[in-house]
Amino acid sequence: MKRKKSRFTFKMAKTVVLFAVFISTALLFSGCGNNNKEANSNDKSVELTWYFMNNPQADQDEVFEQANNIISQKLPGVKVNFSPLDPGSYDQRMNVMIASREVFDICFTSSWVNNYHNNVVKGAFLPLDDLLAQYAPKLKESVPDKIWDGTRVGGKIYGVVNYQISSSASAYWVKKDLVDKYHFDISSVKNWYDIEPFLQTVKENEPGIIPLVTTQMWVPAANNMGLYTLDVPYTVFRENDPTLTIENALETAEYKQYLKKVREWYQKGYVRSDVMNVTDNEADLRAGKFAVGTEGTIKPGMEMERKAKYGYDCVIIPLSQPMLTTGSIVATLNAISSTSQNPEKAMQFLELVNTDKELYNLLSFGIEGKHYEKVSDTHIKVMENTKYSASNWMLGSPFNSYLLEGQADDTWEATKKMNEEAKPSPLLGFSFDMDPVKSKIAQIDSVVSEMAKALETGAVDPDQYLPQFIEKMKLAGADEVRAEIQKQINEWKTTK
C-alpha cells in the first residue's frame, strides 16, 4: 500500500509540475502577445483630422500630400487629414461638430472665432499640461511662460499657442495707391474717426471701390477709445481705471458714438449697401475693392504680409499702443478635441508643425518653384496668381516662417521685442471661469449673433435698435454675467 501511494504521489507531483510548466509557458506567451499588441498599438497607423479656416485652394491637395510625406518621415505612421473650412461658415460648423461630439483631433480656436474659453467650459478641449510635458517638450520650451499663462483656464492650458505677435494694437490699413493718388496725410489720423475725409474722397472719386470694410470694427475702435474687451461680448474695462470696474459696453458713451458714426457712414455710402447679405469679404479684398479696413493686431512686416496675400500695397495707421492681454494671446490657438482618439499623436504633430520649418513653410506658402520662389536663403517671393495660399498665423508659429520679399531681416526679432516691451494689461493672467454662468453666456451669444452685425455696420438706426439690443442682452443675463466677472476679478486681485 505504501508503495502504491508513493507511485501515486510521484505521478501527481509530475502532473502538477508539467501543469505548472504549461501554465507558465502559456502566461509567458500571453505576456509576449500582450506586449506585442501594445507595441503594435503604439506603432499603428494613425489618421488625425485638423480643422482650420482657409478658403478652398486649387492646389491644396498637392500641398497636403507633400506635407504628409514630411510628416510620415518624422512621425512614422501618422497621417493628417487637413480640413480647411471657409471663414464665413467656420464658427457655425465648428459649433455644430462640437455640440454633436463629432470625433476629430485638432481645431483652430481663438477669442474671436470658435471661442476658446466657451469651448473649454463646454468640455470640448483636453487639458494639455501633461501632454505638452511628455510629448511636446520642444514646443513647450519655445513659448515664454507668460504667454502660456495667458491660455490657462482654471489653472490649466487647453490650447497650443501659435506663437507670434502676442500684443494687441488697433490700426487702420489703407490702400497705398489711393493714399498716394489723393495725397492723404496719414499722420492726420489720430483717432478712429479721423479717417472720414479719406472715405469721402474715395466715395466721390472711385466708383468701383467700397470705402470701408466693416468687419470686426468695434474692438479696434474701442481700443482706440481706451476700452478693452473681455471674453464675454460687450464686457469692457477702461485702460486707466485702477479699480478694474467691468462695464456694459452697450451703455457707454463710446459705443453709442461709434454706432452713430457708422450709421452716418452707411447712409453716405462709405459701407457697402448689401453688407447684411455678405458673410465673407475675402474675394472682394483680394480683388482690391476696399480702400480701408481695420486690424486688431499690428506687427512688424505686416504690410508685406498683406501684399503677399492680397496682391497690393497698403499703409498701416496705428490707433493704439501695443498691450499684452489675455485676449491677444488666445487670438490664435490650436486645441485638441476631447473626442480625439489619439491625443498623444495629435500633440506630437502640433509640436512638429510649430517647430519644423520645412513643414510649416510648405503649409504656409505651398511648393517652391510653383507657388513661391526663393530670393535668398531667408526671403521668398510669392508667385503671381498662385493657386495656394494660407493664413499661416493659424497653422503654427510664424517665427519659423520665411520672410517675404521686402520684409526687414530682423522682422522676427523686432516682433519678439514688441511682445517683450508691450504694456501688460492690468488683467493679464486673469481667466474668467464661465462655468457658473455658462447657460447665460450661450443666450448672450445668441443675442449677439442676432443683432450686433446690423448695428455695427450701420445698416439699422441705433436710436431704434440699440435699446432693443440692450434689453435683449439683459434678458439673456448680461448683468448677472458681468457681476460674476467682477466678483472673480475682485478675488483675483487679492492674489496679485
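Residues numbered from 1 in each chain as written. Predicted model: local features only at pLDDT ≥ 70, side-chain atom pairs only at ≥ 80, totals over all residues. Heavy atoms only, no water.

### Description of the nonpolar core
Core analysis: the biggest nonpolar cluster contains 70 residues, and W50, F82 and F349 have the highest contact counts within it. Ranked by size, the runner-up nonpolar core spans 69 residues in total, among them A222, Y270, A291 and I485. (Core = buried A, V, L, I, M, F, W, Y, C linked by side-chain atoms within 4.5 Å. Buried < 20%, exposed > 50% of the residue type's maximum accessible area, 1.4 Å probe, protein only.)

### So, the packing of helix α2 (residues 60-74) against helix α16 (residues 357-365)
When two helices pack together, you describe them by how their axes are tilted relative to each other and by the distance separating the axes. Their axes nearest at 10 Å, the elements α2 and α16 cross at an angle of 170 degrees. The angle between α2 and α16 falls in the class roughly antiparallel. As for the relative orientation of α2 and α16, their crossing is left-handed in sense. Contacts between α2 and α16 involve V63, F64, Q66, A67, I70, I71 and K74 on the former and, on the latter, E358, L359, L362 and L363. Its residues placed into classes, the contact of α2 with α16 shows eight nonpolar, one polar and two charged. (Axes fitted to C-alpha atoms, helices over the stretch in contact; angles between N-to-C directions. Helix = DSSP H or I, 4+ residues; strand = E, 2+ residues; numbered from the N terminus. Parallel < 35°, antiparallel > 145°, perpendicular 65-115°, else oblique. Left-handed = near helix turned anticlockwise from the far one by under 90°. Contact = heavy atoms within 4.5 Å. Nonpolar A, V, L, I, M, F, W, Y, C, P; charged D, E, K, R; others polar.)

### Notes on the packing of aromatic side chains
Counted by the stated rule, this structure contains 28 aromatic pairs. Ring centres of F108 and W393 lie 6.1 Å apart, and the angle between their planes is 75 degrees; on these two criteria the pair is classed as edge-to-face. A residue pair is termed long-range when its members are at least 10 positions apart, and F108 in strand β3 (residues 106-109) and W393 in the loop between β18 (379-382) and β19 (403-404) qualify at 285 residues. Residue W393 is classed as partly exposed on the basis of its relative accessible area, which comes to 24%. Measuring from ring centre to ring centre gives 6.2 Å for Y310 and Y312, while their planes differ by 25 degrees; the resulting arrangement is stacked. The same class applies to Y310 and to Y312, which are both buried. (Phe/Tyr/Trp six-rings, centres within 6.5 Å; stacked < 30°, edge-to-face > 60°.)

### Considering the sheet that holds strand β17 (residues 372-374)
The three strands lie next to each other as β17-β18-β19, forming an open sheet whose pairing is mixed. At either margin of the open sheet sits one strand with a lone partner, and together these are β17 and β19. (Pairing = 2+ DSSP bridges.)

### Examining unusual backbone geometry
Positioned with a positive phi, L244 is a non-glycine residue whose angle comes to about 55 degrees. Note on placement: L244 falls in the loop between β11 (235-238) and β12 (247-248). The residue N385 is not glycine, and still its phi comes out positive at about 55 degrees. The residue N385 is located in the loop between β18 and β19 in this model.

### Some remarks on the confidence of the model for the protein chain
When pLDDT is averaged along the protein chain, the result is 89, and 91% of the positions lie at 70 or above. Note that pLDDT drops below 50 for residues 1-41; the model gives that stretch zero contacts with residues more than four away or on any other chain. (pLDDT = per-residue confidence, 0-100.)

### Focus: the environment of Q216
Looking at the secondary structure, you find Q216 in the loop between β9 (210-212) and α10 (218-224). With relative accessibility at 54%, the residue Q216 sits in the exposed group. Here the alpha-carbon distance between Q216 and G293, two residues 77 residues apart in the chain, equals 9.3 Å. In this structure, Q216 is in contact with W112 and T294, ignoring residues within four places of it in sequence.

### A closer look at the sheet that holds strand β8 (residues 171-175)
Strand order across the open sheet formed by four strands is β9-β13-β8-β14, with mixed pairing between neighbours. Edge strands, defined here as strands with exactly one partner in the open sheet, are β9 and β14 (314-318). Neighbouring strand axes in the sheet, compared pairwise and without regard to direction, differ in orientation by 20 degrees on average. Here helix α13 (residues 302-310) sits on the sheet in contact with β8, β13 (290-295) and β14, set at roughly 140 degrees to β14.

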